[in-house]
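Listed here are the chains, written in short residue letters.
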Amino acid sequence: MAHGMTTTTILLILLAAAVAFGLAWFQYLSWYRNHKVRGLLLVCLRFVSIFGLLLLLVNPKFSRFEYYIEKTKLLVLVDNSSSMREYGSELTSLLDAFGGNAGIQERFDRVDFQFGQDIGPLNELDFSAERTDIRQALSSVEPVGMGRNSTVVLLSDGNQTYGTDYSFFGSNGKQPIYPIVMGDTTRYEDLRIDRVNVNTYAFLNNKFPIEIYVSYMGDRSLSGPFSIYMDGKKVHGENLSFSKTKGSQVIKTFLEASQVGQRNIKVQLFSLEGERNGANNQKNVSVEVIDEKTEVALVTAMSHPDIGAIKKAVESNEQRTLTIHEIPVEPGALENADLFVLYQPNTAFAQVYDIVKKKGVGYMVVAGTHTDWRFLNQVEKDLTTATNYPIQEVSPVSIPDFSRFDISEYDFLGFPPLDSDAGGIQFSLPAETMVGTRIKGAVMDQPLISVRGDGPQRSSFIFGEGLWKWRMQTFRNDQDFSSFDGLFGKLFLYLANSKSKNRLEVRYKSVYEGSVDARISASYFDGAFVFDPDTTPILKLSGKDGGGINREMPMLLKGGYFESDLSDLPAGAYSFTVTVPEEGHTKSGNFTILDFDVERQLLASDFGRLQTLAQGSGGAVFYPDQIEALMDTLASDQRFVPVQKGKENIVSLIDFKLLLGIIAIALALEWFLRKYYGHI
């Protein structure tokens, strides 16, 4: 510790003392000549007050240096995932070895952490974490050593099952990392199913795709059966062969969705004799089969080849059916329609238009040479079309900027023109042109096909007849009708998604791989469709497998939504209902939690990635039986030598409150004595 005050400060203090004494002596010089004791006392009091005020202005300070020893931060990260359970006693011994080493204690300031998917202080290892995120753990402790020398010791098997790759995390060189590789580094012969891709939903009586990635690690040539089971019944099988040069395969097939509900699928690969890890030779997934057919009603007052083309395009998807209704139509015949096609409407369509508007569903208007444009202008308030135009051929023009849905794969070059007598088409409300118009080689600023409405009711307009020619041209180009049917399929899908917004929205997955991410969230909106945080949705949950699980719980507010954490549920099938008691709104659903622990899939340690991590950071890889060598390395590495540092503290010489008190007392005594002696 050292003290110091600048020469300037000392000179200012001496000058302040001289000025204060001079002023005090000059004021009371006559008193001193007549009454030396009284005069000297008053001089002293005046000196104190003036000197104190000048000292406040000078504000003298002095510096104080403090020296201390800063040790290197030793951050010990211990993998607490379930794959480390069998190494529990070994981990405890390694931590005790660190605690009992004098060289480590002398050089390092040690802090212990445990991690799985998250990271926290090391209290007690229970190996309960179902995922391992090594990169997140390394990122989290990096700020702990910021601003000082630090290093990391990582005790893990190196198998990361969540997050981004950690191999090159240490390339920034901020903290040398010393992994201690836990577990067996031997690479055993292994067959495994790496990944299964399947849609969350499938439509009834449709085939849905499934994609399976399988791999083999070994040097032999071998073959064996591969099977897919749905609800315990074998639905696909084939023979697979592997070798040292053919270590992976992708199996793609289609399965039949023949029954509504949750369908459990097991993918199984043959096992090797004596294979250490048989758990990764099979995977379970689930798909929910739903029956959501769209009923399309086509209303017409005439016969035309376009009607057949539209019907074929609609029914190319098995989830859509089209029924043709001729004018006049009985109102009850349209009750079940989810979507309408109004082909060349005229005044006889007035009642049908009323039904469409009342139902609030999407609809398509196909207008041509037999359309009553005056009637259409009347019922479509935002559409204005000039009448009495001659019939002319209108050719399609692709619109690359169309944004409602993707039609970039469809090209209208060479398509035959449609017949139309529409002219001057204008919309007063927002509408977007899907296909433009060319007349006699000139591109016109008006649509041939347009879509309208982002609200609850969407509509589309085709201003020309002869769509059947487009479908035939598609077959001429591609030898099938899939392009035409696909384009109109997207258009019908867009129109069908025009259902009114629900005030209660529930979000969940049909299948959860393990319970770690099992959550159900909900949003509730008031009458103006503004999120209402003051309500409390109730989740009622029950097990479908007879496991006795039956819960009712309030959903917790998480900012802009409500959520229930179901990570403590065992594997199984569940049904649930979310209810808003105050309003009576409910939503129900089903989900399945698969019996899957990714930590059990990996038996050998990942030495390669740990070594890459260590080398990139300037550290080195060690094994449990090399703990003494690791501690010797840390204790002798010159990068981790404790550093003596000094800190300069600037300390004020005076206490302002005390000095102000002394000044006040001096002035008060001076005034009292002058009053007492009668010489004021």
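Provided above is the structure to which this section pertains.
Since the structure is predicted, the reported quantities are computational estimates derived from the model, not experimental observations.

### Digging into the overall build of the protein
Looking only at helices and strands, the protein features 14 helices and 36 strands. Compactness check: the protein gives a C-alpha radius of gyration of 42 Å against a globular reference of 26 Å for 680 residues, more than 25% above the reference. C-alpha atoms of the protein, sized along the principal axes, occupy 135 × 80 × 55 Å. Counting every position in the protein, which comprises 680 residues, the buried fraction comes to 45%. Considering only contacts within the protein whose residues lie at least 6 apart along the sequence, 72% involve residues at least 24 apart. In the form shown here, the protein has an accessible surface area of approximately 34400 Å², with 52% of it arising from carbon and sulfur atoms. The protein carries 66 positive and 81 negative side-chain charges, and their two centres are separated by 8 Å.

### Description of the pairing of strand S34 (residues 572-580)
Counting buried positions along S34 yields seven of nine residues, so the element is predominantly enclosed. In this sheet, S34 lies alongside strand S30 (residues 538-543) in antiparallel orientation, the contact comprising six bridges. Following the sheet pairing, Ile538 is matched in S34 by Thr579. Pairing analysis gives nine bridges linking S34 to strand S35 (residues 585-594), with the strands arranged antiparallel. Following the sheet pairing, Val580 is matched in S35 by His585. Hairpin connection, S34 to S35: the antiparallel pair is bridged by four residues, and Gly584 has positive phi, about 85°.

### Some words on the pairing of strand S18 (residues 339-343)
In regular strands, side chains alternate between the two faces of the sheet. Along S18, five of the five residues are buried, which leaves the element largely enclosed by surrounding structure. Along S18, one buried face is formed by Leu339, Val341 and Tyr343 and the opposite face, lined by Phe340 and Leu342, is buried too. Bridge count between strand S16 (residues 294-300) and S18: five bridges; the pairing is parallel. Of the residues in S18, the one forming a bridge with Val296 is Leu339. With four bridges joining them, S18 and strand S19 (residues 363-367) adopt parallel strand pairing. Bridge assignment links Phe340 to a residue of S19, and that residue is Tyr363. Each parallel crossover has a hand, and for S18 linked through helix H8 (residues 350-359) to S19 it is right-handed.

### What to know about the sheet that holds strand S10 (residues 207-217)
What the three strands build is an open sheet, ordered S8-S10-S13; its pairing is antiparallel. Each of the sheet's edge strands pairs with one partner strand only, and the pair in question is strand S8 (190-198) and strand S13 (248-256). Mean inter-strand twist for the sheet, computed between neighbouring axes without regard to direction, equals 20°. In this sheet, S10 lies alongside S8 in antiparallel orientation, the contact comprising eight bridges. Within S10, the residue paired with Asn197 across the bridge is Glu211.

### Comments concerning the packing of helix H7 (residues 305-314) against helix H11 (residues 482-496)
For the pair H7 and H11, the least separation of the axes is 8 Å and the interaxial angle reads 75°. Accordingly, the angle class assigned to the pair H7 and H11 is roughly perpendicular. Where H7 approaches H11, its residues Ala309, Ile310, Lys312, Ala313 and Val314 are matched on the opposing element by Phe484, Asp485, Phe488 and Phe492. Partitioning the contact of H7 with H11 into residue classes produces seven nonpolar, no polar and two charged.

### Remarks on the packing of aromatic side chains
With the rule as written, the count across this model stands at 22 aromatic pairs. Taken together through their ring pairs, the aromatic side chains of Tyr508, Tyr512, Tyr574, Phe576 and Phe591 make up a single cluster. The side chain of Arg195 reaches across the aromatic face of Tyr213, ending 4.3 Å from its centre. The ring of Tyr229 has Lys266 sitting right over it, with the charged end atom 5.4 Å from the ring centre.

### Comments concerning the nonpolar core
Counting residues in each nonpolar core, the largest one holds 36 residues, and the members touching the most others are Ile310, Met364, Met434, Trp470 and Phe488. Breaking this core down by element, the ones donating at least two residues are S16, H7, S18, S19, strand S24 (431-439), strand S25 (442-452), helix H10 (467-478) and H11. A total of seven residues in this core trace back to one element, the largest contributor, which is H11. Ranked by size, the runner-up nonpolar core spans 27 residues in total, among them Ala202, Ile228, Leu240 and Leu255.

### Considering the environment of Phe656
Following the sequence through the fold, Phe656 ends up in helix H14 (residues 656-677). Taking relative accessible area as the criterion, Phe656 reaches 37% and is therefore assigned partly exposed. With 597 residues separating them in the primary sequence, Phe656 and Asn59 have C-alpha atoms 9.0 Å apart. Those residues in contact with Phe656, other than ones at most four positions away along the chain, are Leu56 and Asn59.

Scoring rules and cut-offs
- Residues numbered from 1 in each chain as written.
- Predicted model: local features only at pLDDT ≥ 70, side-chain atom pairs only at ≥ 80, totals over all residues.
- Heavy atoms only, no water.
- Helix = DSSP H or I, 4+ residues; strand = E, 2+ residues; numbered from the N terminus.
- Rg over C-alpha atoms; globule rule 2.2 N^0.38 Å.
- Buried < 20%, exposed > 50% of the residue type's maximum accessible area, 1.4 Å probe, protein only.
- Contact = heavy atoms within 4.5 Å.
- Areas by Shrake-Rupley, 256 points an atom, 1.4 Å probe, with all protein chains shown as cover.
- Lys, Arg positive; Asp, Glu negative; His and termini not counted.
- Charge placed at Lys NZ, Arg CZ, Asp CG, Glu CD.
- Pairing = 2+ DSSP bridges.
- Right-handed = clockwise from strand over helix to strand, strands pointing away.
- Axes fitted to C-alpha atoms, helices over the stretch in contact; angles between N-to-C directions.
- Parallel < 35°, antiparallel > 145°, perpendicular 65-115°, else oblique.
- Nonpolar A, V, L, I, M, F, W, Y, C, P; charged D, E, K, R; others polar.
- Phe/Tyr/Trp six-rings, centres within 6.5 Å; stacked < 30°, edge-to-face > 60°.
- Lys NZ or Arg CZ within 6 Å of the ring centre and 35° of its normal.
- Core = buried A, V, L, I, M, F, W, Y, C linked by side-chain atoms within 4.5 Å.

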